[in-house]
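# Geometric and topological summary
Take a look at the letters that make up each chain.
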Amino acid sequence: MKNLWQDQQARQCRNDPLALRVYTSRLLGSDAGLVMHGGGNTSVKVRRSDPYGEDTEVLYVKGSGRDLATIEKSGFAPVRMDHLLKMARFSTLDDREMVRLQRLAMLDSSAPNPSVEAILHAIIPFRFVDHTHADSVVTVTNTPDGKKYIRDIYGGKVLVIPYVMPGFILAKYIYKLTRDLDWPKVEGIILLNHGIFTFADDAKTSYESMIRLVSRAERFLKTKTRIASVSSSAQLVNLTDLAKIRREVSLSRGQSVVAILDGNPDQVRFSSREDIRSVSQRGPLTPDHVIRTKPKPVVIGEDITAGIKRYVQQYRKYFRRNTKKGLVCLEPSPQWALWPGRGTIAFGRSLKDARIVADITAHTTRAIERAQALGGWSVLSEHDIFEMEYWVLEQAKLAKKDHEPVLQGKIALVTGAAGGIGRACVETFLAQGAVVAALDIKDEVEDMFAAPDVLGLKADVTDHSQLRAAVEATVRRFGGLDIVVANAGIFPPSERLEAIQDAAWAKSMRVNLESSQKLLKFAIPFLKLGNDPSVVLIASKNVPAPGPGAGAYSVAKAGLTQLGRVAALELAEHNIRVNILHPNAVFDTAIWTRDVLRTRAKSYGLSVADYKRSNLLKTEVTSADVAALAAALASPLFAKTTGAQIPVDGGNERVI
Ligand code: ZN
């Protein structure tokens, strides 16, 4: 464990205790071996004036749900110390009442809710208090002889606390235990199956105690356990099976999820263990993780569907075994899966959520391996895990998601994504909650979308192996495919039929028609396993209302339309909807340069502005308008529509 303290950085905090508190909190937060995704908490005690000008001792404690890695001063809640110490003297205190009293004791009502450990921080009589869920410490304690090992590692220099429920119960336990304690002789507190506290009157000492104590546990694990570095060879990942796993999890959740397959050698080795069905089912690394990961993962077997159904049944049974009055069963589907020989899969409503699960999973499997080598992975009782999973204060940490966008958890693929309608589709789908594979022949597509939810893929849609590889890369990255927008197209130079060059004709057919047929061919096996799958073909007004001189374009787009109609017929039995858009005069695309616009407008004797609005509604059609309709077609709004051809042209009397 690396000590990241830098005097120069600390000096910039100019002895401002809260600034120093932010600094070392971030140091702790930056090491995933200490805390992950909102885990752990820190505090500092200062004297300051309250709003009435009276000198008061205040505990600045991490706000509930804040992340130490990115915390700011405003992420700490200022709470009156005397109130917190009074609360510690209660014999019992209901969780909700504790939250209410803590809020009542705050000096700033706009600050976040104080951490559930605020009372415990107040009891520890040092200015700086640091608490983490360090992997190595928890791993050692998650073994049958954990308590003995902790003694071996630390001697009598730490206070060892058996597992008790965090919050008031833990604070009360430590309050009673430490009333006569000679604090200066104690270097830290080890909470079995939970984590570690260190403390000091200055930020540096408290932080460095954490690093020192955790490093000792790391060294102990290193000398006592040897993990085979040889990794078993990964089995080939069948992408159809991956899509099937994701679909089954989505179905069991009643919502689309993104699935991240982690096939790195460590995860493959872990997933290949002979005892995987036993060790993986015992429980999480720390109880704090259970709200993200549930108590256990699903282990994928021969029959994917049956395995996931069984998981859901077992989760419901677990709920019934442990529930108390008033509790409602959380959604029962797995948050992660072990796929023997292939690695682990993390599920999430968004890529961000799935990545959090993936991070925790990677730490968990490592901890289980080490603990198994140290005598066995032995975690809390089912009852303790349940109490934590259904603890109101933990559930409150998960952001409320009442108003999720309509395409949340959906996986889309868009061709011709570097500009115009394609780019607008990527942006619209993204804004509506989907993750998107953005394909284009241009290099820039690979990094023009800064969002991690976009997979930019350079691919020539007329090169069938590139197209197939792009579809597969999409499934591998996100776990499946739900929406395909075939948009890539070209507009060949205007030529009368007798003058069209063979090459120009053939190219238009390849790009505007054949590429979509191939795209469908490669995508259909995955769309069949998608969630409310949908195909949107971007055709043209030229289909219902062709113009002279655009034969190569119009004929290809007419073919594309017919392809869509046949696809709608063939794919209906798989509930895949196929719809066709006929845009016209979308001028904010690469084809319509300012010069072209001016020349075309002039040839009609119109100003550019009038030319742009030369339709029935006298309105301008933009790429964003077309994208909004494409997104709507992929949404439940059009759940009962397939084989439709919809104009986006401001109204055209020839089309009507
Ligand atoms: Zn904790």
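Please read these numbers as outputs of a predicted model, since none were measured by experiment.

By the secondary structure assignment, Phe126 is in the loop between α5 (118–123) and β4 (128–132). According to the relative accessible area criterion, Phe126 is buried, its value standing at 15%. For the pair Phe126 and Trp183, spaced 57 residues apart in sequence, the C-alpha separation works out to 9.1 Å. Phe126 has contacts with Lys45, Trp183, Pro184, Phe199, Ala200 and Asp201, leaving out every residue within four places of it along the chain.

Next up on the list: the coordination of the zinc ion. Within the first shell, the zinc ion binds the protein through His131 (NE2), His133 (NE2) and His194 (NE2), at distances of 2.1 to 2.2 Å. Here the donor residues for the zinc ion map to a single chain with the spacing H-x1-H-x60-H.

Time to look at the packing of helix α10 (residues 239–253) against helix α19 (residues 464–478). The description of two packed helices rests on the angle between their axes and on the distance between the axes. α19 packs onto α10 with a crossing angle of 45° between their chain directions and a minimal axis gap of 10 Å. Classified by the interaxial angle, the pair formed by α10 and α19 is oblique. The crossing of α10 and α19 is left-handed. Facing α10, whose interface residues are Leu239, Leu242 and Arg246, α19 presents Glu472, Val475, Arg476 and Phe478.

The next subject is helix α14 (residues 304–322). Taking 1.5 Å per residue as the helical rise, α14 with its 19 residues ought to reach 27 Å, and the 27 Å between its terminal C-alpha atoms agrees with that figure. For α14, the set of buried residues is Ile304, Gly307, Ile308, Tyr311, Val312, Tyr315, Tyr318, Phe319 and Asn322. The buried side chains of α14 occupy one side of the element, clustering within an arc of 140° when seen end-on. Turned more than 90 degrees off the buried face of α14, the exposed positions are Lys309, Arg320 and Arg321. Turning to α14, the residues buried within the fold contact α10, β9 (298–299) and α16 (382–389).

Counting through the fold element by element, Asn193 comes out in the loop between β6 (188–191) and β7 (195–200). Owing to a relative accessible area of 12%, Asn193 belongs among the buried residues under this scheme. A distance of 2.8 Å separates the side chain of Asn193 from the side chain of Asn142, its partner in a polar contact. Residues in contact with Asn193, not counting those within four places in the same chain, are Val138, Thr141, Asn142, Tyr163, Leu285, Thr286, Pro287, Ser378, Val379 and Leu380.

Let us now look at the sheet that holds strand β1 (residues 41–49). The strand order across the open sheet built from seven strands is β3-β2-β1-β4-β7-β6-β5, with neighbouring strands paired in mixed fashion. Only two strands of the sheet have a single partner each, and these edge strands are β3 (76–80) and β5 (158–161). Adjacent strand axes in the sheet meet at a mean angle of 20° when their direction is disregarded. The pairing of β6 with β7 spans four bridges and is antiparallel.

Time to look at the sheet that holds strand β18 (residues 645–648). Spatial strand order, β14-β13-β12-β15-β16-β17-β18: seven strands in an open sheet with parallel pairing. Pairing within the sheet leaves two strands with one partner each, and these edge strands are β14 (454–458) and β18. Strand-to-strand twist of the sheet, defined as the mean angle between neighbouring strand axes without regard to direction, takes the value 15°. Along the sheet face, α19 touches β12 (411–415), β13 (435–440) and β14 and points at about 160° away from the line of β14. Those strands touched by helix α20 (residues 502–527) are β12, β15 (483–486) and β16 (534–538), and its axis lies near 180° from that of β15.

Considered domain by domain, the chain is made up of domain 1 (7–224), domain 2 (239–399) and domain 3 (411–648). Taken over C-alpha atoms, the centre of domain 1 sits 55 Å from the centre of domain 3.

The next subject is α19. With 15 residues, α19 should cover 21 Å at 1.5 Å per step; its first-to-last C-alpha distance of 21 Å lies within 8% of that length. Listed in full, the buried residues belonging to α19 are Leu467, Ala470, Val471, Thr474, Val475 and Phe478. Take α19 and look down its axis: the buried residues cluster within an arc of 135°, on one side only.

As a packed pair, α19 and α20 sit with axes 10 Å apart at the nearest point and diverge in direction by 35°. Of the two elements, α19 crosses α20, and the hand of that crossing is right-handed. The residues of α20 that touch α19, namely those facing His464, Leu467, Arg468, Val471 and Val475, are Glu514, Ser515, Lys518, Leu519, Phe522, Ala523 and Phe526. Of the residues that constitute the contact of α19 with α20, the class distribution is seven nonpolar, two polar and three charged.

With that settled, consider the nonpolar core. Counting residues in hydrophobic clusters, the biggest one holds 108 residues, and the most contacted among them are Ile119, Ile124, Ile189, Phe199, Ile345 and Leu481. The next biggest cluster of nonpolar side chains, apart from the first, holds 41 residues, and it includes Leu28, Val46, Val58 and Met210.

Going through the model one piece at a time under the given rule, you end up with 28 salt bridges. A salt bridge links Arg212 to Glu187; the nearest nitrogen and oxygen atoms lie 3.1 Å apart. With a gap of 25 residues between them, Arg212 in helix α9 (residues 203–224) and Glu187 in the loop between α8 (168–177) and β6 connect regions that are remote in the sequence. The structure contains a network of salt bridges with shared partners spanning Glu187, Arg212 and Arg216.

Most of the time, phi is negative for any residue but glycine, and the peptide bond is trans. At His37, a residue that is not glycine, the phi angle is positive and equals roughly 45°. In this fold, His37 is placed in the loop between α2 (17–29) and β1. Accessibility expressed as a relative area gives 29% for His37, which makes it partly exposed.

Taken as a whole, this structure holds 13 aromatic pairs when the rule is applied. The interplanar angle of 50° and the centroid separation of 5.2 Å between the aromatic rings of Tyr149 and Phe220 together place this pair among those described as tilted. Remark: Phe220 occurs in helix α9 and Tyr149 occurs in helix α7 (residues 146–154); sequence separation between them is 71 residues. Note on accessibility: Tyr149 and Phe220 belong to one class, buried. Pairwise contacts between aromatic rings join Tyr315, Tyr318, Phe319, Phe386 and Tyr390 into one cluster.

With that out of the way, let us pick up the environment of Lys2. Positionally, Lys2 belongs in the segment before α1 (7–11). Under the relative-accessibility criterion, Lys2 is labelled exposed at 62%. Sequence separation of Lys2 and Gly38 is 36 residues, and the distance between their C-alpha atoms is 20 Å. Leave out the neighbours within four places in its chain, and Lys2 touches Tyr207 and Ile211.

What counts, and where the lines are drawn
Residues numbered from 1 in each chain as written. Predicted model: local features only at pLDDT ≥ 70, side-chain atom pairs only at ≥ 80, totals over all residues. Heavy atoms only, no water. Helix = DSSP H or I, 4+ residues; strand = E, 2+ residues; numbered from the N terminus. Buried < 20%, exposed > 50% of the residue type's maximum accessible area, 1.4 Å probe, protein only. Contact = heavy atoms within 4.5 Å. Donors = N, O, S within 2.8 Å, 3.2 Å for Na, K, Ca; no water. Axes fitted to C-alpha atoms, helices over the stretch in contact; angles between N-to-C directions. Parallel < 35°, antiparallel > 145°, perpendicular 65-115°, else oblique. Left-handed = near helix turned anticlockwise from the far one by under 90°. Expected span 1.5 Å × (residues − 1). Arc of directions from axis to C-beta. Polar contact = N/O pair within 3.5 Å; in protein donor to acceptor, adjacent residues only side chain to side chain. Pairing = 2+ DSSP bridges. Domains from an automatic or database assignment. Nonpolar A, V, L, I, M, F, W, Y, C, P; charged D, E, K, R; others polar. Core = buried A, V, L, I, M, F, W, Y, C linked by side-chain atoms within 4.5 Å. Salt bridge = Lys/Arg side-chain N within 4 Å of Asp/Glu carboxyl O. Phe/Tyr/Trp six-rings, centres within 6.5 Å; stacked < 30°, edge-to-face > 60°.

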